[in-house]
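Working through the structure, step by step
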Amino acid sequence: MPKAYWIAHVDVTDPDIYAKYREANAVAFAKYGARFIVRGAPQIVREGQSRARTVVIEFADLATATACFDSPEYQAAKAIRDPISTADLVIVEGYEG
């Protein structure tokens, strides 16, 4: 079964509140076995547009990645982030080639 990933592009207007979001999302990510692959590192946009932060999070499979997003734990964290950020997020199944 292929792994799955959250791929998010995020602009943040209040870094202090965003830090609270990171603390809160750790609960959901621990529960669902999430592993950060990319976490807001420097990036070079070569085509199109992006936001200031790119985050890639790995999950065991698509069902787990979706369950994490839909969980009460993550939705509580997201409620902290929503007022101080703009985000694009997709959940995608990995390729096993």
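Our subject is the structure listed above.
Residues numbered from 1 in each chain as written. Predicted model: local features only at pLDDT ≥ 70, side-chain atom pairs only at ≥ 80, totals over all residues. Heavy atoms only, no water.

Observations concerning the environment of Glu-96
- In this fold, Glu-96 is placed in the segment after strand 4 (85–93).
- Ignoring sequence-local partners within four residues, the contact set of Glu-96 consists of Met-1 and Pro-2. (Helix = DSSP H or I, 4+ residues; strand = E, 2+ residues; numbered from the N terminus. Contact = heavy atoms within 4.5 Å.)

As for the sheet that holds strand 1 (residues 4–12)
- Across the sheet, four strands lie side by side as 2-3-1-4; this open sheet has antiparallel pairing. Of all the strands in the sheet, the pair left with one neighbour each is strand 2 (35–39) and strand 4. For this sheet, the mean angle separating the axes of adjacent strands, direction not counted, is 15°.
- Where helix 1 (residues 15–31) meets the sheet, it contacts strand 1, strand 2 and strand 3 (53–59), and its direction lies at approximately 165° from that of strand 1.
- The strands that helix 2 (residues 62–70) touches are strand 1, strand 3 and strand 4; relative to strand 4, the one it contacts most, it runs at about 155°. (Pairing = 2+ DSSP bridges. Axes fitted to C-alpha atoms, helices over the stretch in contact; angles between N-to-C directions.)

Overview of the packing of helix 1 against helix 3 (residues 72–81)
- Contact geometry for helix 1 and helix 3: axes closest at 8 Å, N-to-C directions at 170°. For the element pair helix 1 / helix 3, the angle class is roughly antiparallel. Only Glu-73, Tyr-74, Ala-77, Lys-78, Ile-80 and Arg-81 of helix 3 make contact with helix 1, whose side of the interface consists of Ile-17, Tyr-18, Lys-20, Tyr-21, Ala-24, Asn-25, Val-27, Ala-28, Phe-29 and Lys-31. (Parallel < 35°, antiparallel > 145°, perpendicular 65-115°, else oblique.)

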